[in-house]
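# Overview (structure and organization)
Below, each chain spelled out in residue letters.
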Amino acid sequence: MNSLTTDRANSSNSCSIGSSKRKRGSISFADQTEEDVVATTNTPAQNDIVLLNNLGVDCFEHGILTDATKCFQNAMEIFSSRPGGSITTNLTSMSSQVSCISLDSSSQSSPDKVLVTTSAHDQDVIMEDAESAASDSEASGTEKNQLSTAPIQGSPSPPRSEYDEGMTCYNRPLRIDNSKSDDYHSTAPTLLFNVGQLHSLEGDDTTAERYFLQALDILQQRFESNHRDEGMELDASARLDNDVSIDAIPILHNLARIYYRAQNYKLAMDMYFRALDIAQQDEQASSSLANTLNCIGVLFFHMGGNTEKNATKALDMFNASLVVRKKLIEQAEDPIHNSYKLLKQELATAMNNTGRIHYMLGDHNAALVTYIDALKLRREILPSLHLDLAASAYNLGQTYHQLGNLTEAMELYHEFHSIITRIFVGKNHRDLAIILKCMAQVHHDQSQYEEAARLYYKSLETTKAALGDFHPEVASLLNKIGNMHYENSDFSSAIRVYEEGLVVEQAVLQHDHPNIVVTLTNIAQSQKHKGNYYAALERYVEAHALQKAILGDKDPKVAVTLSNVAQVSCRIGRFTRAFDAYQEVLQIRRDAFGDDHVEVAATLNSIGLVLFKQGFHGLAIESFRESLRVRKLCLGSQHRDVAVVLYNIATTHLEQGDEELATEYYAETLRVERTALGNDHRDLAVTLQHIGQIHRQRGELDVALGYFKEALRIEKLNLGDSSTVVARLLNKMGNIYLAKADVINMMQCFTEATRIYELCGETDNANGDLVISGYNFYCLSITNPECAAAA
């Protein structure tokens, strides 16, 4: 997500278009001076225009929109009925640029292993949806993207409207200065602007655009008239005079905001830069300059294309806006006046916007400082139940979350939750779903799966109630829930949730969207962990086909999925298919990375494994040795992945019957593992058992026992005393004691192994059979039946 922001009014310039009296903040009808209401030179009809318009402003500010509409429309009718007062405009000069634009945004490792595969891509890695596909943009790990008013890049949704990013600085109707009520070029634009505001508020941007363009066209006529009266020649580069120009700023802002909501960022940017050009020409327009700089920054923030480049431009604009706003606050005369508080509120909004850019650019420490200042300021000037205060708490919480300070993050998430649940009482609001998801993520990050699940499912219920069952945010949330179940090894639940998410994604995303590949892969990974290899292969094949359609045949990401296809094919004995797939993977990775790359080495190791299982031991050793060469070159000779290949070479030699070479390679494997992993890692236990087994086969029973005892120590240290892995080791050691005729130690090992099998509930399956070798004990259970139960 991006930063939480508001599309409500921060402040407004409530004087009329064309008025030289410019007061900050709105003026209630009851507070008008006699000069504002009475002018002895005006006719009753002229006074009616002023009274109706200004009464409409009062109705608007009190939320009585129906009466406001009637007042403005009646004022326009009276004005139009006067001689020469008809509001008819020639939109030719503007229509070619903006009037005909469309507001449709669519135009826009275990002891029983034989060989080991290790690679960042070949191991089981569960994946997060690409955040561009779901609102709030979710990235893997914590909820690292900030709640935003803007749609995700590529989303058809318009920007959100509850939170303040400073885009509505001119979203209120304006009063008419009574002294200019008889001036067509001053009164008509104000009336048109006010009616346009009402249509904009009601969401009718097409009609609002028409009124705003009419108002702007009349101002242009006024400009041309002024210059003709002064005998000046006009050319295409002529600027509006200051009085007319400043009057155009609110209109340009509203037109820009219409195009911004329609995601026509190019046209919106043109309107804002026209307003900026005007504001920079007048020292009295400092507030307008700060507002316009901020709006351009927000627009850059939401634009697609080169995200980092646009984010940098946005940061420049926000910083320039901050400079102007801080200067305005320093110059303010009355710190307790409402206008001063509005200045501080605008400053806090600019700080919040600046923090969003730092966050987007990954500078979380800078974002933290800015968000702390913004929250402090908003706590000073806003009531405790205010959405913008909640926004700052959320954004600061997100930053703490990203920096790993989960305690601070959770406190701020609770503050946000408390505010919105009291504002949106009884409503299944989208933001409630978002904050529940964020709180769940904190528990998820701490492996507190039960509480994480409770909050995730509550968020899912709220999201569906707010947005419907089929929405990108529903799909994104299902992906997170599936990942939680996967990490908790609840693969059945993971598959169920992933499958549900897949149905949603296929309904709301394009058929070749990358997130569908992610979900197919996650389902396949979960099926593989359950041992459902055929089901896993089916999903991997689907993911591979879709990836090829999106990325082409030679993309390294395609090689990752194809490697999974090969791995599962090998598991189910389809060695030819596995070999062919690995060969294709090898070619892709060599083309992409060159011959001497760790991913190439991983693929060579996998190819060696397939050859080993087919009995082609000589070819397998060749593939392993090339993998070993590349890994030593890339990783050094003391790396765990080097030990893996050494182990595989040793095992292949052992399978060929060459115990001497096998022992040498196992000894080298053990040496590298001790260096890379220490003396207590489970990889050592696997190698120790193989070395012990060779010595046992040679009849070197005491030497073999030494290796098995060390392996047993490591497994107990890592798994505890009651693991079936420990039981199998005890079983093997019991057989060595049996071969030595050491009955006491033999019985101790067999008894303890049996106890563990019974404890683990595996006495009735093959994994719980006690294997006794060296003597014929097949009738032991018959001649020595279980004792009868106690009487």
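Rules used throughout
- Residues numbered from 1 in each chain as written.
- Predicted model: local features only at pLDDT ≥ 70, side-chain atom pairs only at ≥ 80, totals over all residues.
- Heavy atoms only, no water.
- Helix = DSSP H or I, 4+ residues; strand = E, 2+ residues; numbered from the N terminus.
- Areas by Shrake-Rupley, 256 points an atom, 1.4 Å probe, with all protein chains shown as cover.
- Buried < 20%, exposed > 50% of the residue type's maximum accessible area, 1.4 Å probe, protein only.
- Polar contact = N/O pair within 3.5 Å; in protein donor to acceptor, adjacent residues only side chain to side chain.
- Salt bridge = Lys/Arg side-chain N within 4 Å of Asp/Glu carboxyl O.
- Phe/Tyr/Trp six-rings, centres within 6.5 Å; stacked < 30°, edge-to-face > 60°.
- pLDDT = per-residue confidence, 0-100.
- Contact = heavy atoms within 4.5 Å.
- Axes fitted to C-alpha atoms, helices over the stretch in contact; angles between N-to-C directions.
- Parallel < 35°, antiparallel > 145°, perpendicular 65-115°, else oblique.
- Left-handed = near helix turned anticlockwise from the far one by under 90°.
- Expected span 1.5 Å × (residues − 1).
- Core = buried A, V, L, I, M, F, W, Y, C linked by side-chain atoms within 4.5 Å.
- Nonpolar A, V, L, I, M, F, W, Y, C, P; charged D, E, K, R; others polar.
- Disulfide = S-S within 2.5 Å.

## Comments concerning the overall build of the protein
Broken down by element type, the protein carries 31 helices and zero strands. Working note: accessible area of the protein is about 34200 Å², and carbon and sulfur atoms make up 51% of it.

## Considerations on the side chain of arginine 378
As for its placement among the helices and strands, arginine 378 is situated in helix 12 (residues 364-381). Judged by relative accessible area, arginine 378 falls into the buried class, the value being 1%. Here the side chain of arginine 378 touches threonine 349 through a polar contact of 3.3 Å, side chain to side chain. Reaching out from arginine 378, the side chain makes a polar contact with the side chain of serine 392 at a distance of 3.0 Å.

## Digging into the pattern of salt bridges
For the structure shown, the criterion picks out 27 salt bridges. Here arginine 589 ties to glutamate 599 by a salt bridge, and the two come within 3.8 Å at their closest N and O atoms. Linking arginine 589 in helix 22 (residues 575-593) with glutamate 599 in helix 23 (residues 598-613), this pair joins segments that are ten residues apart in sequence. The exposure class assigned to arginine 589 is buried, which follows from its relative accessible area of 1%. Look at glutamate 599 and you get buried, because its relative accessible area is 9%. The partner of aspartate 596 in a salt bridge is arginine 629, and the shortest N-O contact between them spans 2.8 Å. Here the residue aspartate 596 occupies a position in the loop between helix 22 and helix 23, and arginine 629 occupies one in helix 24 (residues 617-635), the gap between them amounting to 33 residues.

## Re the packing of aromatic side chains
Two aromatic rings, taken as a pair, are described by how far apart their centres are and by the angle between their planes. Under the counting rule described, the total for this entry stands at six aromatic pairs. Plain terms: the ring middles of tyrosine 394 and tyrosine 413 are 6.1 Å apart, the flat faces sit at 40° to each other, and that makes the pair tilted. Within this pair, whereas tyrosine 394 is found in helix 13 (residues 387-402), its partner tyrosine 413 is found in helix 14 (residues 406-423), the two being separated by 19 residues in sequence. Residue classification places tyrosine 394 among the buried positions, given a relative accessible area of 0%. Ring centres of tyrosine 486 and phenylalanine 491 lie 5.4 Å apart, and the angle between their planes is 75°; on these two criteria the pair is classed as edge-to-face. Judged by relative accessible area, which is 10%, tyrosine 486 ranks as buried.

## Looking at the confidence of the model for the protein
Mean pLDDT over the protein: 80, with 75% of residues reaching 70 or higher. The low-confidence segment residues 88-125 (pLDDT under 50) makes 100 contacts with residues lying over four places distant or belonging to another chain. Note that residues 775-791 has pLDDT below 50 and, in this model, three contacts with residues that lie over four places away or in other chains.

## Regarding unusual backbone geometry
Its identity is not glycine, yet glutamine 263 carries a phi of approximately 60°, on the positive side. Assignment of secondary structure puts glutamine 263 in the loop between helix 7 (242-261) and helix 8 (265-279).

## Focus on the packing of helix 27 (residues 682-697) against helix 28 (residues 701-719)
Interaxial distance between helix 27 and helix 28 falls to 8 Å at its minimum, and their mutual angle equals 160°. Here helix 27 lies roughly antiparallel to helix 28, going by the angle between them. Crossing hand, helix 27 versus helix 28: left-handed. Across the interface between the two elements, Arg682, Leu684, Ala685, Leu688, Gln689, Ile691, Gly692, Gln693, His695 and Arg696 of helix 27 pack against Leu701, Val703, Ala704, Tyr707, Phe708, Glu710, Ala711, Ile714, Glu715, Asn718 and Leu719 of helix 28.

## Structural notes on helix 19 (residues 514-529)
When the terminal C-alpha atoms of helix 19 are compared, their 23 Å separation across 16 residues agrees well with the 22 Å that a helix rising 1.5 Å per residue should span. Among the 16 residues of helix 19, 14 are classified as buried, and the element is accordingly described as predominantly covered. Of the residues one or two after helix 19, glycine 531 is the one with positive phi, at around 85°.

## Focus on the nonpolar core
With 76 residues, the main nonpolar core has Ile251 and Leu255 as its most contacted residues. The dominant element in this core, judged by the number of residues it contributes, is helix 8, at ten residues. Not counting the four nearest positions on each side in its chain, leucine 255 is found in contact with Glu209, Phe212, Leu213, Leu216 and Met271.

## Looking at the side chain of threonine 462
Tracing the backbone through its elements, the reader meets threonine 462 in helix 16 (residues 449-467). Residues within four places of threonine 462 in sequence aside, it is in contact with Asn428, His429, Leu432, Ala433 and Leu436.

## Observations concerning helix 14
If you check helix 14, its first and last C-alpha atoms are 26 Å apart, about what 18 residues at 1.5 Å a residue would give, namely 26 Å. Of the surrounding elements, those touching the buried residues of helix 14 are helix 12, helix 13 and helix 15 (430-445).

## As for the packing of helix 17 (residues 472-487) against helix 18 (residues 491-508)
Close contact between helix 17 and helix 18 brings their axes to 8 Å; oriented N to C, the two are set at 165°. Relative to helix 18, helix 17 is oriented roughly antiparallel. Once helix 17 is placed against helix 18, the crossing between them reads as left-handed. For the pair helix 17 and helix 18, the contacting residues are Pro472, Val474, Ala475, Leu478, Asn479, Ile481, Gly482, Asn483, His485 and Tyr486 in the first and Phe491, Ser493, Ala494, Arg496, Val497, Tyr498, Glu500, Gly501, Val504, Glu505 and Val508 in the second. Taken together, the residues that form the contact of helix 17 with helix 18 break down as twelve nonpolar, six polar and three charged.

## Describing the environment of aspartate 591
In this structure, aspartate 591 sits in helix 22. With 35 residues separating them along the chain, aspartate 591 and proline 556 place their C-alpha atoms 9.3 Å apart. At a separation of 2.9 Å, a polar atom in the side chain of aspartate 591 contacts the side chain of glutamine 587.

## Notes on the environment of isoleucine 435
Inspection of the secondary structure assignment puts isoleucine 435 in helix 15. Relative accessible area serves as the criterion here: at 0%, isoleucine 435 is assigned to the buried category. For isoleucine 435 and tyrosine 413, which are 22 residues apart along the polypeptide, the C-alpha to C-alpha distance reads 6.6 Å. Setting aside residues no more than four positions away along its own chain, isoleucine 435 makes contact with Tyr394, Tyr413, Phe416, His417 and Ile420.

## Concerning the environment of glutamate 505
Within the fold, glutamate 505 resides in helix 18. Relative accessible area serves as the criterion here: at 1%, glutamate 505 is assigned to the buried category. Residues glutamate 505 and alanine 475, 30 residues apart in the sequence, show an inter-C-alpha distance of 5.9 Å.

## Details of the state of the cysteines
By definition, a disulfide is the covalent link that joins the sulfur atoms of two cysteine residues. Under the counting rule described, the total for this entry stands at zero disulfides. Here cysteine 295 stays unpaired: no disulfide links it, and the sulfur of cysteine 169, its closest cysteine neighbor, is 4.3 Å away. Using a relative accessible area of 0% as the deciding quantity, one classes cysteine 295 as buried.

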